[in-house]
Amino acid sequence: MNWEDSSDTADLSATADPGDRLVGADADGEDTAVEAALRPKDLDEFVGQEKVREQLDLVLRAARARGATADHVLLSGAPGLGKTTLSMIIAAEMGAPIRITSGPAIQHAGDLAAILSSLQEGEVLFLDEIHRMSRPAEEMLYMAMEDFRVDVIVGKGPGATAIPLELPPFTLVGATTRAGLLPPPLRDRFGFTGHMEFYEPSELERVIHRSARLLDVEIDSAGAAEIAGRSRGTPRIANRLLRRVRDYAQVKADGVITPAIASAALGVYEVDARGLDRLDRAVLQALLKLFGGGPVGLSTLAVAVGEERETVEEVAEPFLVREGLLARTPRGRVATPAAWAHLGLVPPQHGGGAPGSGQQGLFGA
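A quick note: this is a predicted structure, and the numbers were derived from the prediction, not measured.

Caption draft 1: Molecular detail of the overall build of the protein chain. Tallying secondary structure elements over the protein chain gives 14 helices and eleven strands in all. Across the protein chain, contacts joining residues at least 24 apart in sequence account for 69% of those joining residues at least 6 apart. Accessible surface, the protein chain as shown: approximately 17,000 Å² in total, 52% of it carbon and sulfur.

Caption draft 2: Seen up close, the sheet that holds strand β2 (residues 98–102). A sheet is described by the order of its strands in space; here five strands give the open sequence β2-β3-β6-β1-β7, paired in parallel fashion. The sheet is open, and its two borders are formed by β2 and β7 (192–195), each paired with just one other strand. Neighbour to neighbour, the strand axes of the sheet diverge by 15° on average, direction disregarded. Those strands touched by helix α2 (residues 50–66) are β1 (73–76) and β7, and its axis lies near 160° from that of β7.

Caption draft 3: Up close: the pattern of salt bridges. Under the criterion given, the structure shown has 15 salt bridges. Here the residues in one salt-bridge network are R244, R246 and D247, joined through shared partners.

Caption draft 4: Summary view of the nonpolar core. Counting 46 residues, the largest nonpolar core has L86, I208, I219, I227, V245 and I257 as the members making the most contacts within it. The element that contributes the greatest number of residues to this core is helix α9 (residues 235–252), accounting for seven residues.

Caption draft 5: Quick peek at the pairing of strand β3 (residues 124–128). Counting buried residues along β3, four of its five residues qualify, which places the element largely inside the surrounding structure. In the sheet, β2 pairs with β3 via five bridges, with the strands oriented parallel. Directly across from R99, in β3, lies its bridge partner L125. Each parallel crossover has a hand, and the one from β2 via helix α4 (residues 109–117) to β3 is right-handed.

Caption draft 6: Focus on the packing of helix α12 (residues 298–305) against helix α13 (residues 309–322). Contact pair α12 / α13: the axes reach a minimum separation of 8 Å and the direction vectors enclose 90°. Judged by the inter-axis angle, α12 sits roughly perpendicular to α13. Residues L298, S299, L301, A302 and V305 of α12 pack against R309, V312, E313 and E317 of α13.

Caption draft 7: Structural context of α4. All of the buried residues along α4 are L112, A113, I115 and L116. Taken end-on, α4 shows its buried residues confined to a sector of 165°, consistent with a single buried face.

Caption draft 8: Structural context of the confidence of the model for the protein chain. Summarising the model, the protein chain shows a mean pLDDT of 82, and 84% of its residues fall at 70 or more. Counting interchain partners and residues more than four positions distant, the pLDDT-below-50 stretch residues 1–18 has 37 contacts. Residue range residues 351–365 is modelled with pLDDT below 50. Its contacts to residues more than four positions away, or to other chains, number 24 contacts.

Basis of the calculations
- Residues numbered from 1 in each chain as written.
- Predicted model: local features only at pLDDT ≥ 70, side-chain atom pairs only at ≥ 80, totals over all residues.
- Heavy atoms only, no water.
- Helix = DSSP H or I, 4+ residues; strand = E, 2+ residues; numbered from the N terminus.
- Contact = heavy atoms within 4.5 Å.
- Areas by Shrake-Rupley, 256 points an atom, 1.4 Å probe, with all protein chains shown as cover.
- Pairing = 2+ DSSP bridges.
- Axes fitted to C-alpha atoms, helices over the stretch in contact; angles between N-to-C directions.
- Salt bridge = Lys/Arg side-chain N within 4 Å of Asp/Glu carboxyl O.
- Core = buried A, V, L, I, M, F, W, Y, C linked by side-chain atoms within 4.5 Å.
- Buried < 20%, exposed > 50% of the residue type's maximum accessible area, 1.4 Å probe, protein only.
- Right-handed = clockwise from strand over helix to strand, strands pointing away.
- Parallel < 35°, antiparallel > 145°, perpendicular 65-115°, else oblique.
- Arc of directions from axis to C-beta.
- pLDDT = per-residue confidence, 0-100.

Shown next as structure tokens:
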């Protein structure tokens with residue numbers, strides 16, 4: 001697409017459904033099924049997150065040496081970076097079963113009590129999106145984590161009775177994408193806290209090569225690098241792009257993934273060399289071509305691309321800000337010089353401000 005052609009501004013509203021984005025970090029049904037086969041089984045197989053792996057290895061080795069259950073573990077970071085995988089590795093390293101649930105599924109203290117009372121000694125309880133757990137369940141979890149005991153309330157009103165229930169020692173692994181929403185009393189009860197960082201392209205290349213072997217896909221080093229560069233630093237996205245490129249290579253070529261094949265395949269799916277998809281580029285195009293680089297309000301920008309305000313703010317903006325293509329300011333959203341360069345556009349030379357600064361007159365004069 002020629003971004004300098006003003007006739008394509010009519011396409012700004014024709015964005016993809018955010019829930020179906022190829023570069024979305026949340027897992028869909030296909031991801032869940034495939035990830036089960038691609039997940040590493042131990043810390044030695046796990047790629048990336050060197051500091052977290054090293055620290056977690058010490059925690060688990062020490063626990064095994066003592067013959068005790070491991071300390072409770074809190075993993076934070078963006079979706080798709082390997083929090084669930086690490087929880088399964090913790091259980092495997094400790095030789096213990098794992099129970100998986102999520103914060104939104106625990107809306108009452110009774111829900112949590114039922115799960116805790118059925119745990120075996122040493123079992124790992126993985127609680128995804130722990131920050132979304134209800135407050136009564138959260139308060140019950142404090143005592144369970146610290147004293148391995150919960151008080152079950154029987155009855156209502158003045159006649160209610162608290163029955164103490166002893167729990168076997170267990171390891172809670174909590175995962176959250178928003179660690180700041182965890183109350184301090186809960187956060188302080190975790191013996192180990194690890195923050196998952198976005199992956200470097202070289203690390204993603206290793207992830208892609210490993211996944212290609214498991215999927216029986218032939219790929220060369222340059223082809224893996226091409227996919228890694230468009231994967232937004234996220235292994236889940238890298239594996240998803242690999243599967244789509246595999247499909248293209250099988251249908252359109254000889255099944256071998258080369259840089260040219262990877263580039264052509266991801267061009268079909270509208271994922272550019274920097275990992276931006278159609279929604280991302282539509283936001284940038286509206287900001288640059290319709291509003292001269294900004295500043296422009298979020299609601300106005302959302303209307304321009306035909307999306308809800310929340311979709312632009314929560315789906316498109318985080319990656320654009322992280323890539324240095326867009327800035328959030330008190331006056332509104334502003335494009336950076338890198339955004340103009342990425343879309344091949346020339347910043348306006350007049351308007352009372354530096355190119356890309358967004359400082360233009362009210363009527364664009």
